[in-house]
Amino acid sequence: MKGARFLSAVGLGLALFWSSAEANAYCLTHGCSDKKQQCEYDQNGCGVTGPLLHWASGCVSFDVQRSASPLRGITYDEAHEAIVAGFTQWLNADCGDGRGPSITISDYGPVECRQAEYNQDASNANIFMFRDDDWPYENAIDTLALTTLIFNADDGEIYDADVEVNTIQSPMKIGGIGPNDIDFASVITHEIGHFLGLSHSNAQGSTMMPSYAPGQTAMSSIEWDDVKGVCKALPPGREPQTESCEPRHGFASECALNENNCAVAPGSPGGVASVLLCLLGLSSTLLRRRSRPSTRRP
């Protein structure tokens, strides 16, 4: 879009949440950074400033990093199965009259790239990746995973989504979850909620709660508040701009540049985009709102 500006929203957790008797506790994701403007919030702590982030297409593709997590003994096939199951949870949400969220997901297969990047002039991919070697985010204490959304700052259209799983610092596991293990299925189902446009919820027991307690598996199954949220984000009957599943500028299974020079990397030097940090923590500890500017132009 000519003259469009781009922002990256990193979907980890939001501010301080409290219990509420409101019927709707879910939050949709808006593009606002406290560093750039005065963000406003409703009675549930949901951001209401800035454009509503959304997928304009009726179909979105995803990919899984081929090597997955050797450190945690998670293979590509195991990770892929859990991610597909997570998407299935959300897409099977009952929005009424037998209809579900108005989006389909296309699996573009294994990819080599393990960098969260968006290429304005090159091919892209929406990647689920694993950080076995490093966790490159400062001040992201107890962060289990992070979803980066690149979106048009004028209208909120999501252009790209990447999910990074913090396997180097977190004892992530699939199946047979012990009291100190982190359930990969719970974490990834939560991150898929961010992928689809949801922010955090203050509804107890919901998948989109901003924190996770080790040993728990309940977040792998979405609850009524989550259903209402995804049906609001992707309502049945909406008219998408296109039905193409292709990432913007085409699909690529490898990073556009080497791992030290990705085209757009959250928090890296250069430009005027801003990064919104949201945190999924290890426990029920109250979380702090954080935001910081990125200095690289997409």
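Below: a short report on this structure. (Residues numbered from 1 in each chain as written. Predicted model: local features only at pLDDT ≥ 70, side-chain atom pairs only at ≥ 80, totals over all residues. Heavy atoms only, no water.)

## Let's talk about the packing of aromatic side chains
Any aromatic ring pair is given by two values, namely how distant the centres are and how the planes are angled relative to each other. What counts here: Stacked, tilted and edge-to-face are the three classes applied to pairs of Phe, Tyr and Trp rings, where Trp contributes its six-membered ring and a pair requires centres within 6.5 Å; stacked means planes under 30 degrees apart, edge-to-face means over 60, and tilted covers the rest. Helix and strand definitions here come from DSSP, where helices need a minimum of 4 consecutive H or I residues and strands a minimum of 2 consecutive E residues; each element is numbered from the N-terminal end. Whether a residue is buried, partly exposed or exposed follows from its accessible area with a 1.4 Å probe, protein chains only, as a fraction of its type maximum: under 20%, in between, or over 50%, in that order.
This structure, assessed with the given rule, holds 10 aromatic pairs. Consider the rings of F130 and F184, whose centres lie 5.7 Å apart with planes at 25 degrees: the pair is stacked. Here F130 is found in strand 4 (residues 127-130), whereas its partner F184 is found in helix 2 (residues 184-195), with 54 residues between them in sequence. Just as F130 is buried, F184 falls in that class too. What links up through ring pairs into an aromatic cluster is the set W55, F62, F87, F128 and F195.

## Notes on helix 2
Spelled out, the test is: A helix is expected to span 1.5 Å for every residue after the first.
Here helix 2 contains 12 residues, and its C-alpha end-to-end distance of 16 Å stays within 8% of the 16 Å for a straight helix at 1.5 Å per residue. Burial analysis of helix 2 places 11 of its 12 residues in the buried class, which makes it a mostly covered element. Three or more residues of helix 2 are buried, namely F184, S186, V187, I188, T189, H190, E191, I192, G193, H194 and F195. Two residues or fewer past helix 2, G197 is found with a positive phi of approximately 115 degrees.

## Structural notes on the packing of helix 1 (residues 76-91) against helix 2
Applied cut-off: Only C-alpha atoms enter the line fits that serve as axes; for helices the fit covers just the stretch in contact. Angles between N-to-C directions range over 0 to 180 degrees. By the definition adopted for this analysis, an angle is roughly parallel if under 35 degrees, roughly antiparallel if over 145, roughly perpendicular if from 65 to 115, and oblique otherwise. Left-handed describes a crossing whose near helix is turned anticlockwise from the far helix by less than a right angle; the clockwise case is right-handed. Should any heavy atoms of two residues lie within 4.5 Å, those residues are counted as being in contact.
Direction vectors running N to C along helix 1 and helix 2 enclose 50 degrees, while the axes themselves pass 9 Å from each other. Relative to helix 2, helix 1 is oriented oblique. Of the two elements, helix 1 crosses helix 2, and the hand of that crossing is right-handed. Side by side, helix 1 and helix 2 meet where A79, A82, I83, G86, F87 and W90 of the first sit next to F184, I188, T189, I192, G193 and F195 of the second.

## Examining the pattern of salt bridges
The following threshold applies: Each reported salt bridge corresponds to a side-chain nitrogen of Lys or Arg within 4 Å of a carboxyl oxygen of Asp or Glu.
Under the definition given, this model contains 5 salt bridges. Ionic pairing is found between D181 and K173, a salt bridge with its closest N-O pair at 3.8 Å. Residue classification places D181 among the buried residues on the basis of a relative accessible area of 17%. Through salt bridges with shared partners, one network takes in R131, D134 and E164.

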